[in-house]
Amino acid sequence: GADGGADGGADGVRKDDSARGHHPRPDERVDALARFQLRALLHAFEFPAAERLSYSTCSVHEAENEAVVRAALPRATELGWRLCRAMPEWPRRGLEGAVEDAECLLRSDQFEDDMEGFFVAVFVRDERSIGKEARAARDAAEKSRVVNAAEERDREREAKRARERGEEGVRAVLKKSKKGGRPSALFR
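On a predicted model such as this, the values are computed, not experimentally measured, just so you know. Along every chain, residues carry numbers that run from 1 in the direction the sequence is written. This being a predicted model, a pLDDT of at least 70 is required before a residue's local features are given, and a value of 80 or more before pairs of side-chain atoms are given or counted; all residues contribute to the totals for chains, interfaces and linings. Side-chain figures throughout are based on the complete set of non-hydrogen atoms in the structure, without hydrogens or water.

1. Observations concerning the overall build of the chain
Then step 1. Looking only at helices and strands, one finds 3 helices and 6 strands in the chain.
Then step 2. Secondary structure is summarised from DSSP: a helix means a run of H or I of at least four residues, a strand means a run of E of at least two, and numbering begins at the N terminus for each. When the helices and strands of the chain are listed from N to C terminus, the series reads α-β-α-β-β-β-α-β-β.
Then step 3. Think of it in three bands: with a 1.4 Å probe and only protein chains considered, a residue is buried below 20% of the maximum accessible area for its type, exposed above 50%, and partly exposed in between. Buried positions account for 36% of the 188 residues belonging to the chain.
Then step 4. Within the chain, counting contacts between residues at least 6 apart in sequence, those at least 24 apart form 56% of the total.
Then step 5. Only the protein chains shown count as covering a residue, and every accessible area follows the Shrake-Rupley method with a 1.4 Å probe. Summing over all exposed atoms, the chain offers an accessible surface of approximately 12,500 Å²; the carbon and sulfur share of this is 53%. Contacts are assigned to residue pairs with any non-hydrogen atoms lying within 4.5 Å of each other.

2. What about the environment of Glu 158?
Then step 1. Structurally, Glu 158 can be placed in helix α3 (residues 132-164).
Then step 2. When its relative accessible area of 36% is taken as the criterion, Glu 158 is described as partly exposed.
Then step 3. Sequence separation of Glu 158 and Glu 168 is 10 residues, and the distance between their C-alpha atoms is 10.0 Å.

3. Focus on the environment of Ala 86
Then step 1. Here Ala 86 lies in the loop between β2 (81-84) and β3 (106-108).
Then step 2. Put simply, Ala 86 and Ala 121 are 35 residues apart on the chain and 6.7 Å apart in space, counted from C-alpha to C-alpha.
Then step 3. Aside from chain neighbours lying at most four places away, what touches Ala 86 is Arg 93, Cys 104, Leu 106, Val 120 and Val 122.

4. Digging into the pairing of strand β4 (residues 118-125)
Regular strands place their side chains on alternate faces of the sheet.
Then step 1. Summarising burial for β4: 7 of the 8 residues are buried, a large majority.
Then step 2. One ladder, built from 6 bridges, connects strand β1 (residues 52-57) with β4; its direction is antiparallel. Directly across from Tyr 55, in β4, lies its bridge partner Ala 121.
Then step 3. Relative to β4, β2 runs antiparallel, the two being bridged by 4 bridges. Bridge pairing links Cys 84 to Val 122 in β4.
Then step 4. Pairing between strands is defined by DSSP: at least two bridges between the two strands are required. Alignment of β3 against β4, held across 3 bridges, turns out to be antiparallel. Its bridge partner lying in β4, Ser 108 is registered against Phe 118.

5. As for the pattern of salt bridges
Then step 1. A side-chain nitrogen of Lys or Arg and a carboxyl oxygen of Asp or Glu constitute a salt bridge if their distance falls within 4 Å. One pass over the full model with this rule turns up 10 salt bridges.
Then step 2. Arg 107 is the salt-bridge partner of Glu 66, the closest N and O atoms lying 2.8 Å from each other. Of the two residues, Glu 66 sits in helix α2 (residues 66-78) while Arg 107 sits in strand β3, which places them 41 residues apart along the sequence.
Then step 3. For Glu 152, the salt bridge goes to Arg 155, with nearest N and O atoms at 2.8 Å. Placement of the pair is Glu 152 and Arg 155 together in helix α3, with a separation of 3 residues, close to one helical turn.
Then step 4. Glu 152 sits in the partly exposed class, given a relative accessible area of 34%.
Then step 5. In the salt-bridge network here, residues are joined through shared partners; they are Glu 46, Arg 75 and Glu 78.

6. Let's talk about the nonpolar core
Then step 1. Remark: nonpolar core denotes a set of buried residues (Ala, Val, Leu, Ile, Met, Phe, Trp, Tyr, Cys) joined through side-chain atoms within 4.5 Å. Judged by nonpolar contacts, the single largest core of 22 residues is most densely connected at Phe 45, Val 69 and Phe 123.
Then step 2. Of all the secondary-structure elements, those providing two or more residues to this core are α1 (29-45), β1, α2, β2 and β4.
Then step 3. Ignoring sequence-local partners within four residues, the contact set of Val 69 consists of Tyr 55, Leu 83, Val 99, Leu 105, Phe 119, Ala 121 and Phe 123.
Then step 4. Of all hydrophobic cores here, the second largest spans 7 residues; its members include Ala 86, Trp 90, Leu 106 and Val 122.

7. Describing the side chain of Arg 93
Then step 1. Assignment of secondary structure puts Arg 93 in the loop between β2 and β3.
Then step 2. Polar contacts, as counted here, are pairs of nitrogen or oxygen atoms within 3.5 Å of one another; within protein the pair requires one atom able to donate a hydrogen and one able to accept it, and residues that are adjacent in sequence qualify only if both atoms are side-chain atoms. Engagement of the side chain of Arg 93 in a polar contact is seen with the backbone oxygen of Trp 90, the distance being 2.9 Å.
Then step 3. A polar contact is formed between the side chain of Arg 93 and the backbone oxygen of Glu 103, at a distance of 2.9 Å.
Then step 4. Arg 93 has contacts with Arg 85, Ala 86, Met 87, Pro 88, Ala 102, Glu 103, Cys 104, Leu 105, Leu 106 and Arg 107, leaving out every residue within four places of it along the chain.

Keep in mind these values describe shape, not function.
Structure representation (structure tokens):
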């Protein structure tokens, strides 16, 4: 605005924020945190195999919450991300008018909700926006997870059979022959 604030207030806080449950920023530390959080969020959007991203803070300040989401949305949209309604049953949503799709956001108020303040925005990526290489990496990771799970099941079955045979904890150890002959098995 003309008086110096981005949204109409001299300190960048909207003039009507107190009526909306907003708590004015205590210092410029919040602005520095918000700049860092925006950089981190924008960086996370670039991960090629990411499909879902949660941005959360333990803050009640619009500058760290809705303002970061508002600043990140254009780049998020370019990369195929959109906001998803987080915890639909949660009653307190993002600050109305602070960002498009504020109803997708959730927040708590330390005074009205009798808990520490927090904020959550969940972004999901459109499957078509995930690159070919990212999809291949995701599919390979899933295949590896399935193979690892099958191998773990096989190890568990073998351990169970060894317990049933009374061989739990017993392993063959090869003892070298002093005369250069074939090694023989010892069991420990």
